[in-house]
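Per-entry structural report
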Amino acid sequence: MSFLSMSKFIHLVLVVLAFSSISDAVKCAPDGPLLPRPTTLHSSPKIAIAKESIKRLLDKATSGQLIVPWTVPNISFSVAFTALNSPSPSTPLFEYHHLATTNINGTKHVDGDSQYLIGSISKAVSDLLLLKSGLNVNDPITKYLPELKGKNLPIEWDQITLKSLGDHLSGMPGYYGFPEIYYLIPYFQALGFPELPVTEWPPCNVIGLNTGCSRKQLLDGFKKSHGMSAVNLRASYSSYSFTLISYALQVATGKNYSQLLHDELLIPLSMKNTGPSPGNDSKAVIPVTDNSWGADYGDSVPGGGLYSSTNDLTTLLNSLLNPHPTILPRSQILQWLKPTSFTTSLQTAVGLPWEIYRSQNLTPAHAHTIDIYTKAGAAYGYEGIIGLIEQYGVGFTVLTAGAKGQEAQSAVMETMLATLMPIVEEVTRDEAKSYAGQYTGAEGHMSTTVDNGPGLRLTSLTRNGSDIISALHLLFDSQGVSLGRLSDELRLYPTDISHEVSPTPKRDTENRGNVLIEEDWRLQYDIQDEEIKSDLPRIVEKEGLCFGWITGDAIFYAGEAVDRFVFVKEKGSGKVVGARVPALRLNLTLSS
């Protein structure tokens, strides 16, 4: 469901064609931020104009002045976009709320604290609890649930790990009992399905036949169930895999899911409008159409039974973009924001439990690959999605209430991202211009600029009159093991590595003792395809392959990587004041 809604938004070309939209001279920019993530979005005049544009569009959409793909009177929604350096963790960069005119029950005023059912967004919360628990995610589930052990079972439970449960690679069934609805049986039989005794149906979780499953009934049922695929073969969506994760966490910690959620996330992050359903009716957005607000999801909560608000989900996203000290360290968050399997689409992948989309046109004026990590969710009468674009330090939330809310969710999300992301790219480039200019020193000179390509372009580098850029091309071509042809353009990219240094005369001739920050950047040895004449068959797609990530540290001089560059900033102001080129032993001052 979420893959379909996002595919409407991200109209992508094949990878082999996508590279043609990027600067011809840059074939393979690195993954992640191409320039430092922007920190001034909250104060940017350009962003303010974009926000007002979105508001006008949504005002027109909800007042019937525009054609929209949802039933306006029946759909309520809340939307939020968050960015680094927000005034508070729960304060979004942009938000918009709309209450359907037909709503009768629940809140009479929708805002950032209004509660919605969030469906499978709960899975991302559950995976975060798993990561935060410190358990070895490669442990087999049978370590914690020995009830699943047995000989000749349809599913090899001892091969299923906590991680494979969390990233949809377990192959286990998605459901047990539900979504079977017993009063629909005559309809199935009229279509040709056989008449069967009631004992053929699961003993629990069948709507209209029996009650919800106990822990024992569920585990007994899964021991008899057949998997959707072999373990780790392919991603197969399962909600009950998160129930098993919660059982394992309870065995390991002695706390049930609600207690863990409260102690590990809700209290540290001050998330006051999030929890297992049912929520607070007086704060709830309850649609006039049929819905499941107020339902008790029991042991299904970890896979789809939480309620939340845009303010709380903004807080959660901010804790990942700007790591909260009690949640996860940044290195673990970055590991979490990686794919673990792929679909047959070149633009979609699956993570823990992310639905990942690779866009080439989210910032059309500067087209490049942008990874969007999302988790969508649905409950009866509700649709929602959260997303992270770590490359820019931004995230978003869209929550809807009302029948067929996915149409509204998709359209509102598209409007927000299509309007804001090109401006986020502009602000990112504007901020990066502080790194551009002329760097001079007693023995050398360096010039950098922000142009239409990715990263920071290195336009000149000399030492004692020698042209180092030309030297780099000669050195690259002369390697004993051929690495390919080095691009004519050389570009620098941030590595997210920095450290504080005390000023010394060697490093600091202008800053009079100010504490300095040194940021490591890397020159990307971008390999260009060479024309090969051959009558033998060729793989056309090979021209679009990316090998630049292999070439880091390819050339050293006296223990220093030639591709390492260091920018020097004042700690307090963030002002760029100089640069170092360690392999050349150059210490330079920014003069313009």
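Heads up: these notes are all about the structure in this document. Computed from a predicted structure; not experimentally measured.

1. Considering the packing of aromatic side chains
All told, the structure shown has 17 aromatic pairs when counted by the stated rule. Ring centres of Phe222 and Tyr240 lie 5.7 Å apart, and the angle between their planes is 70°; on these two criteria the pair is classed as edge-to-face. With Phe222 in helix H7 (residues 215-224) and Tyr240 in helix H8 (residues 240-253), this residue pair connects regions lying 18 residues apart in the sequence. Note on Tyr240: relative accessible area 7%, which makes it buried. Ring plane angle 65° and centroid distance 6.2 Å describe the contact between Trp293 and Tyr307, whose orientation is recorded as edge-to-face. Of this pair, Trp293 sits in the loop between strand S4 (275-276) and helix H10 (301-304) while Tyr307 is found in strand S5 (residues 306-308), placing the two residues 14 residues apart along the sequence. A single burial state applies to Trp293 and to Tyr307, both of which are buried. Grouping aromatic residues by their ring pairs yields a cluster made of Trp157, Tyr176, Phe222 and Tyr240. Sitting over the face of the ring of Tyr247, Arg215 holds its NZ or CZ atom 4.9 Å from the ring centroid.

2. Re the sheet that holds strand S7 (residues 348-350)
If you walk across this open sheet you meet the eight strands as S2-S1-S11-S10-S9-S8-S7-S6, and the pairing is antiparallel. Among the strands making up the open sheet, the edge pair consists of strand S2 (94-98) and strand S6 (341-342). Of the strand pairs in this sheet, strand S9 (residues 370-379) and strand S10 (residues 382-389) are connected by seven bridges, and their pairing is antiparallel. Bridged to Tyr373 within S10 is Leu388. Helix H3 (residues 45-62) rests against strand S1 (76-83) and S2 of the sheet, and its axis sits at about 10° to S2.

3. Details of the state of the cysteines
With the rule as written, the count across this model stands at two disulfides. Here Cys28 pairs with Cys546 through a disulfide, and the sulfurs are 1.6 Å apart. Measuring the twist about the S-S bond at about 40°, one finds the Cys28-Cys546 disulfide to be right-handed. Of this pair, Cys28 sits in the loop between helix H2 (15-18) and H3 while Cys546 is found in the loop between strand S19 (527-528) and strand S20 (556-557), placing the two residues 518 residues apart along the sequence. Take Cys546: its relative accessible area is 29%, and that puts it in the partly exposed class. A sulfur-sulfur distance of 1.9 Å marks the disulfide that ties Cys204 to Cys213. The sign of the S-S torsion, about 80°, decides the handedness of the disulfide formed by Cys204 and Cys213: right-handed.

4. Some remarks on the packing of helix H4 (residues 121-133) against H8
Where H4 contacts H8, the two axes come as close as 10 Å, and the packing angle between them is 30°. Relative to H8, the element H4 lies roughly parallel. The two elements H4 and H8 cross, and the hand of that crossing is left-handed. The residues of H8 that touch H4, namely those facing Lys123, Ser126, Asp127, Leu129, Leu130 and Ser133, are Phe242, Ile245 and Leu249. Looking at the contact of H4 with H8 residue by residue, the class counts come to five nonpolar, two polar and two charged.

5. With respect to unusual backbone geometry
Put simply, Phe178 and Pro179 share a cis peptide bond, and its omega is 15°. Cis geometry marks the peptide bond from Ser277 to Pro278, where omega comes out at 10°. Its location among the elements puts Pro278 in the loop between S4 and H10. The backbone of His168 sits at a positive phi, close to 70°, despite the residue not being glycine. Here His168 lies in the loop between helix H5 (162-166) and helix H6 (185-190). In this structure His168 comes out as buried when scored by relative accessible area, which is 3%. Located in the positive-phi region is Ala558, a residue other than glycine, with phi close to 50°. Summarising the element assignment, Ala558 is placed in the loop between S20 and strand S21 (560-561).

6. Here we look at the sheet that holds strand S3 (residues 116-119)
The strand order S3-S5-S4 describes an open sheet built from three strands, whose pairing is antiparallel. On the outer flanks of this sheet lie S3 and S4, each paired with one strand and no other.

7. Points about the packing of H7 against H8
Packed helices, taken two at a time, are described by their axes: the angle between them and the distance between them. Interaxial distance between H7 and H8 falls to 12 Å at its minimum, and their mutual angle equals 125°. As judged from the angle between their axes, H7 and H8 are oblique. By crossing handedness, the relation of H7 to H8 is classed as left-handed. Packed against H7, whose contacting residues are Arg215, Leu218, Leu219 and Phe222, the element H8 presents Tyr240, Thr243, Leu244, Tyr247 and Val251 at the interface. Partitioned by chemical class, the residues of the contact of H7 with H8 number seven nonpolar, one polar and one charged.

8. Considerations on the pattern of salt bridges
Enumeration over the complete set of coordinates arrives at 29 salt bridges. With a closest N to O distance of 2.8 Å, Lys46 and Asp430 form a salt bridge. On the criterion of sequence distance, the pair formed by Lys46 in helix H3 and Asp430 in helix H13 (residues 405-432) is long-range, its members being 384 residues apart. Taking the relative accessible area as the measure of exposure, Lys46 reaches 34% and is therefore partly exposed. A single network of salt bridges, built from pairs that share partners, joins Arg37, Arg330, Glu390 and Asp496.

9. As for the pairing of S9
The two faces of the sheet receive side chains in turn, since in a regular strand these alternate between them. The buried count for S9 comes to nine of ten residues, which makes it a mostly enclosed element. Note that strand S8 (residues 355-359) and S9 share five bridges and pair antiparallel. Residue Arg358 lies in a different strand from S9, and its bridge partner there is Asp371. Between the antiparallel neighbours S9 and S10 lie two residues, among them Gly381 with a positive phi of about 90°.

10. Regarding H3
Counted at 1.5 Å a residue, the expected span for H3 with its 18 residues is 26 Å, and the 26 Å between its end C-alpha atoms agrees. When we look at burial in H3, the residues that qualify are Ile47, Ala50, Ile54, Leu58, Ala61 and Thr62. The arc enclosing the buried residues of H3, seen along the axis, measures out at 100°, which places them on a common side. Turned more than 90 degrees away from the buried face of H3, the exposed residues are Pro45 and Ile49.

Conventions adopted
Residues numbered from 1 in each chain as written. Predicted model: local features only at pLDDT ≥ 70, side-chain atom pairs only at ≥ 80, totals over all residues. Heavy atoms only, no water. Phe/Tyr/Trp six-rings, centres within 6.5 Å; stacked < 30°, edge-to-face > 60°. Helix = DSSP H or I, 4+ residues; strand = E, 2+ residues; numbered from the N terminus. Buried < 20%, exposed > 50% of the residue type's maximum accessible area, 1.4 Å probe, protein only. Lys NZ or Arg CZ within 6 Å of the ring centre and 35° of its normal. Pairing = 2+ DSSP bridges. Contact = heavy atoms within 4.5 Å. Axes fitted to C-alpha atoms, helices over the stretch in contact; angles between N-to-C directions. Disulfide = S-S within 2.5 Å. Parallel < 35°, antiparallel > 145°, perpendicular 65-115°, else oblique. Left-handed = near helix turned anticlockwise from the far one by under 90°. Nonpolar A, V, L, I, M, F, W, Y, C, P; charged D, E, K, R; others polar. Salt bridge = Lys/Arg side-chain N within 4 Å of Asp/Glu carboxyl O. Expected span 1.5 Å × (residues − 1). Arc of directions from axis to C-beta.

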